[in-house]
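Each chain, written out:
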There are 2 protein chains.
Amino acid sequence: MKYAIIAIGDELLAGQVTDTNSGSIARMLEPHGWELQHVSVISDSPEAIVAAVNLAFCDVDVVLTTGGLGPTKDDLTKQTLCRIFGGELYENAEVLANVERVVGARGLKLNRLTAAQAMVPTSCTVIQNEVGTAPLMWFERDGKVLVAMPGVPFETKTMMRRAVIGRLVGRFPSADSLQRRVVMVHGMSESAIAEMLVEWEDSLPSYAHLAYLPKPGVVCLRIDGRHTDAAFLGAEMERLHGELIALIPSGNLMAATDVTPEKALLDCLVDRGLTFASAESCTGGMIASRITSLPGASRAFCGGVVAYANEAKTAMLGVDPAMIATHGAVSRQVVEQMAAGALKRFGADIAVATSGIAGPDGGTTEKPVGTVWMAVATAEGTEASVYRFPGSRDRVIDRAATVALLSALTRLQN
Amino acid sequence: MKYAIIAIGDELLAGQVTDTNSGSIARMLEPHGWELQHVSVISDSPEAIVAAVNLAFCDVDVVLTTGGLGPTKDDLTKQTLCRIFGGELYENAEVLANVERVVGARGLKLNRLTAAQAMVPTSCTVIQNEVGTAPLMWFERDGKVLVAMPGVPFETKTMMRRAVIGRLVGRFPSADSLQRRVVMVHGMSESAIAEMLVEWEDSLPSYAHLAYLPKPGVVCLRIDGRHTDAAFLGAEMERLHGELIALIPSGNLMAATDVTPEKALLDCLVDRGLTFASAESCTGGMIASRITSLPGASRAFCGGVVAYANEAKTAMLGVDPAMIATHGAVSRQVVEQMAAGALKRFGADIAVATSGIAGPDGGTTEKPVGTVWMAVATAEGTEASVYRFPGSRDRVIDRAATVALLSALTRLQN
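Keep in mind the model is a prediction, meaning the values are calculated, not measured. (Residues numbered from 1 in each chain as written. Chains lettered and ligands numbered in written order. Predicted model: local features only at pLDDT ≥ 70, side-chain atom pairs only at ≥ 80, totals over all residues.)

Draft legend 1. Here's a closer look at the interface of chain A and chain B. Counting residues at the interface gives 77 residues for chain A and 77 residues for chain B. The element contributing the most residues to the side of chain A that touches chain B is strand E14 (residues 301-307) of chain A, with seven residues. Here the residues of the side of chain A that touches chain B are counted per class, giving 35 nonpolar, 26 polar and 16 charged. (Contact = placed C-beta atoms within 7 Å. Helix = DSSP H or I, 4+ residues; strand = E, 2+ residues; numbered from the N terminus. Nonpolar A, V, L, I, M, F, W, Y, C, P; charged D, E, K, R; others polar.)

Draft legend 2. Molecular detail of the relation of the copies chain A and chain B. By a simple turn and slide, chain A fits onto chain B: the slide is 0.1 Å along the axis, the RMSD is 0.1 Å, and the turn is 180°. On the angle and the small slide along the axis, the relation comes out as a two-fold axis. Most of the interface of chain A is mirrored in chain B, where 97% of its interface residues are also at the interface. (Least-squares fit on C-alpha atoms with pLDDT ≥ 70 in both.)

Draft legend 3. Spotlight on the environment of A:Leu89. Residue and element names in this part refer to chain A. Note that Leu89 resides in strand E4 (residues 89-91). The class of Leu89 is partly exposed, set by 15 C-beta atoms lying within 10 Å. The spacing of Leu89 and Lys78 is 11 residues in sequence and 7.9 Å in space, taken between C-alpha atoms. Leave out the neighbours within four places in its chain, and Leu89 touches Lys78, Gln79, Cys82, Met119, Val120 and Pro121. (Buried ≥ 20, exposed ≤ 12 C-beta atoms within 10 Å, placed from the backbone.)

Draft legend 4. Seen up close, the pairing of strand E15 (residues 350-356) of chain B. Residue and element names in this part refer to chain B. Counting buried residues along E15, seven of its seven residues qualify, which places the element largely inside the surrounding structure. Neither face of E15 is open: one carries Ile350, Val352, Thr354 and Gly356, the other Ala351, Ala353 and Ser355, and all of them are buried. When strand E13 (residues 276-280) meets E15, the two strands line up parallel, connected through five bridges. By the bridge assignment for E15, Ser278 is matched with Val352. Across seven bridges, E15 lies against strand E16 (residues 371-378) in antiparallel orientation. When the bridges of E16 are listed, Ala353 appears paired with Ala375. (Pairing = 2+ DSSP bridges.)

Draft legend 5. Quick look at the packing of helix H10 (residues 261-272) of chain A against helix H15 (residues 393-413) of chain A. Residue and element names in this part refer to chain A. Running from N to C, H10 and H15 point in directions that differ by 30°, and their axes come no closer than 9 Å. As the angle between them shows, H10 and H15 are arranged roughly parallel. Helix-helix and strand crossings are classified by hand; for H10 and H15 the assignment is left-handed. Contacts between H10 and H15 involve Pro261, Glu262, Ala264, Leu265, Cys268 and Arg272 from the first element and Thr402, Leu405, Leu406, Ala408, Leu409 and Leu412 from the second. Of the residues contributing to the contact of H10 with H15, the split by class is nine nonpolar, one polar and two charged. (Axes fitted to C-alpha atoms, helices over the stretch in contact; angles between N-to-C directions. Parallel < 35°, antiparallel > 145°, perpendicular 65-115°, else oblique. Left-handed = near helix turned anticlockwise from the far one by under 90°.)

Draft legend 6. Focus on the environment of A:Gly132. Residues and elements named next belong to chain A. Note on placement: Gly132 falls in the loop between strand E6 (125-127) and strand E7 (136-141). Taking the C-alpha atoms as reference points, Gly132 and Ala115, 17 residues apart in sequence, are found 12 Å from one another. The residues touching Gly132, leaving out its near neighbours within four places in the chain, are Val102, Pro150, Val152 and Glu155.

Draft legend 7. Looking closely at the nonpolar core. Counting residues in each nonpolar core, the largest one holds 255 residues, and the members touching the most others are A:Ala339, A:Ala342, A:Ala351, B:Ala339 and B:Ala342. Once residues lying within four places of it in the same chain are set aside, the contact partners of B:Ala339 are B:Ala279, B:Ala351, B:Val352, B:Ala353, B:Ala375, B:Val376, B:Ala377 and B:Thr382. (Core = buried A, V, L, I, M, F, W, Y, C linked by C-beta atoms within 7 Å.)

Draft legend 8. Molecular detail of the sheet that holds strand E7 (residues 136-141) of chain B. Judged by pairing direction, the sheet is mixed, and its 12 strands sit side by side in the order E6(A)-E7(A)-E8(A)-E3(A)-E1(A)-E2(A)-E2(B)-E1(B)-E3(B)-E8(B)-E7(B)-E6(B) without closing on themselves. Each edge of the open sheet carries a strand with a single partner, namely E6 of chain A together with strand E6 (125-127) of chain B. Between one strand and the next, the sheet's axes are offset by a mean angle of 20°, whatever the strand orientation. Judged from the five bridges that link them, strand E1 (residues 2-8) of chain B and strand E3 (residues 62-66) of chain B form a sheet pairing that is parallel. When the bridges of E3(B) are listed, B:Tyr3 appears paired with B:Val62. This element, helix H4 (residues 77-85) of chain A, spans strand E1 (2-8), E7 and strand E8 (144-149) of chain A of the sheet and lies at about 15° to E7(A). Along the sheet face, helix H4 (residues 77-85) of chain B touches E1, E7 and strand E8 (144-149) of chain B and points at about 15° away from the line of E7(B).

Draft legend 9. Geometry of the sheet that holds strand E16 (residues 371-378) of chain A. The strand order across the open sheet formed by 10 strands is E17(A)-E16(A)-E15(A)-E13(A)-E14(A)-E14(B)-E13(B)-E15(B)-E16(B)-E17(B), and the pairing between neighbours is mixed. Among the strands making up the open sheet, the edge pair consists of strand E17 (381-388) of chain A together with strand E17 (381-388) of chain B. Taking the axes of each pair of neighbouring strands and ignoring which way they run, one obtains an average angle of 10° across the sheet. Relative to E14(A), strand E13 (residues 276-280) of chain A is paired through five bridges, and the arrangement is parallel. Note that in E14(A) the partner of A:Phe276 across the bridge is A:Phe301.

Without other data, these values stay purely geometric and don't point to any function.
Written out as structure tokens, the structure reads:
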């Protein structure tokens with residue numbers, strides 16, 4: 001089933017908020033064979049909403065909108081949907097009760113503006129928003145469906161899962177099966193991989209397609225398959241996935257599913273019953289934060305130190321101040337002591353450390369911005385390497401954290 | 001000047017990559033009075049590209065495209081642009097030299113696929129990509145301009161700044177001045193603020209508009225102004241900004257510019273010459289990571305401990321194991337000792353600590369998922385409070401980090 005998304009909000013076009021709803025909706029509907037045709041990001045203007053809805057219905061039978069349902073004056077979506085689907089706004093008692101419940105659970109009092117969330121078009125079927133105040137609205141006309149959803153990502157994601165996906169899939173059962181397999185490769189460029197795979201790619205059957213998705217430090221290879229026969233496609237996808245895995249040098253294979261470096265590392269640690277600690281200078285907590293973003297991180301992650309000031313490297317990780325004085329904080333000697341210190345103080349099985357110059361200031365000719373020393377320590381010893389990452393502060397921090405996580409993974413795999 | 005963006009890439013529609021380019025382009029062009037009309041996110045298909053370009057040119061004279069320029073087979077944008085603007089692909093020697101330079105600087109060898117980046121339409125003016133291999137292409141027809149840019153956010157951002165903005169602004173000098181002022185409010189809901197401001201909002205002149213942008217823990221109020229007379233508008237925006245600031249209770253005013261909680265805190269610390277440390281359990285390094293994402297963080301941030309395991313709370317922060325045994329890790333007593341421990345061990349002027357249950361597991365009836373204890377410690381003493389944040393693990397962590405940063409800021413402001 002093909003569908004379109006319209007993301008409504010001046011704040012999206014002003015670049016103050018990034019539309020993450022479209023991506024999460026696409027990921028949720030994809031396993032049901034639903035294919036997102038296009039996303040339009042438009043302003044909170046009735047004309048833009050009318051034009052985008054009409055245009056989307058030229059191509060697809062289902063349109064999902066997000067945003068434009070807030071209680072304040074800049075949101076005009078509901079009135080505009082009455083213009084498109086007919087009807088008028090009325091106060092829905094069930095929505096009002098739900099709004100009161102949600103507001104009460106937040107320890108707040110219902111005010112006039114929030115109460116206005118209970119005004120809904122007579123032409124829609126309301127889907128109660130269990131986790132927010134803006135109701136979801138299902139419109140239908142000439143076999144075409146529009147579902148208006150809130151703009152708050154958490155609310156959209158929750159209500160998609162609890163109510164919208166089931167109704168959509170029930171209303172439009174799919175004929176085609178759409179399946180996807182992923183292989184994550186690290187330590188090779190997109191073009192080097194493509195050159196290696198050129199023959200295999202040319203041999204792919206018509207119902208399968210290979211896509212390259214470069215991510216920081218990693219290239220994600222995705223096989224997309226589409227066929228009416230789900231069982232046949234499943235078997236074919238398994239075969240193609242196996243072929244692709246076999247073509248990647250084992251030292252460059254990060255994972256055979258779509259996982260982040262932190263997830264690949266955590267899974268590996270948990271599988272082997274090992275614990276992990278971090279000692280971060282330039283990455284400033286990014287390594288710890290990425291590991292602890294994962295449910296179950298506590299099964300393997302002891303903790304970490306963000307040793308930003310030199311005094312903290314000494315006090316919290318036992319780095320010799322003379323080493324810092326002689327070699328500088330961004331050096332093999334210091335980063336090795338940081339990793340060894342974290343291993344010991346947290347009592348972990350493996351520890352990583354980073355020390356570098358994230359920029360924009362602080363670079364020298366010898367150690368320019370982007371220079372990052374990294375070390376991985378285990379009971380068997382500590383190994384360090386130096387990298388030079390291009391780009392802005394954010395990018396250096398992100399890349400350094402990724403490479404640190406992958407370095408720990410590589411150490412465990414070897 | 002009105003313009004549109006077309007973001008090209010199957011990976012965007014599959015939800016594997018989020019389009020952040022549109023937002024950063026919008027933020028860069030906004031100070032020049034450029035107004036983004038809409039964003040279309042489309043697949044790597046020639047038909048979709050042709051349709052989106054034609055449609056965009058109905059509304060605007062400038063279209064910026066991002067993505068679809070990679071060296072691998074799934075990118076067909078250049079061929080399609082030849083279909084739209086005429087011409088054919090040829091190997092451009094300067095682009096080839098640039099590609100060789102960029103690839104060489106990365107320590108890689110030029111392969112056949114990367115070399116194909118030098119193939120460009122005869123109908124465009126090339127803008128060399130100084131930080132990547134895919135060249136930028138400027139097309140012009142009947143007074144309308146299309147600039148094709150790479151999809152890698154760092155490359156697009158860098159080349160926008162270095163080459164594209166200047167050319168666009170030079171080609172279409174703007175008549176209207178567009179200005180924006182922001183006030184950040186914390187501790188009040190969007191509707192409570194709106195109710196408080198309803199009269200003032202009704203009194204706004206026709207050339208000014210107020211928008212509400214709720215962010216986690218904070219509401220951003222933005223006044224948008226547009227007028228032909230830039231000096232007049234500047235004076236009016238100052239007046240309106242002052243009026244709005246005066247209407248917000250001082251305890252709820254986070255900042256009078258568009259800053260993140262971490263930036264507001266860092267600025268306050270640096271202004272007062274104070275240092276900061278963190279002790280994180282459930283936020284897992286997010287507080288440290290957000291502070292150190294800012295250039296100059298080292299002027300105020302000593303460091304932090306991510307004390308995930310109970311043993312780490314004791315070893316690294318001096319938390320009494322008996323306290324953990326008696327009250328549990330998620331308790332007033334433990335979080336106060338964590339904050340006090342971080343204050344002392346890092347020798348900081350102010351420290352924050354978090355301990356909570358981020359979920360999805362680990363909740364109890366007494367301490368459900370989302371329960372987070374927080375403490376702020378200074379030489380004058382330690383204060384703790386407990387929160388209960390709704391939603392998923394990511395959301396609990398993010399909200400807890402935001403509230404912790406704002407708690408430190410509030411403590412400094414009082």
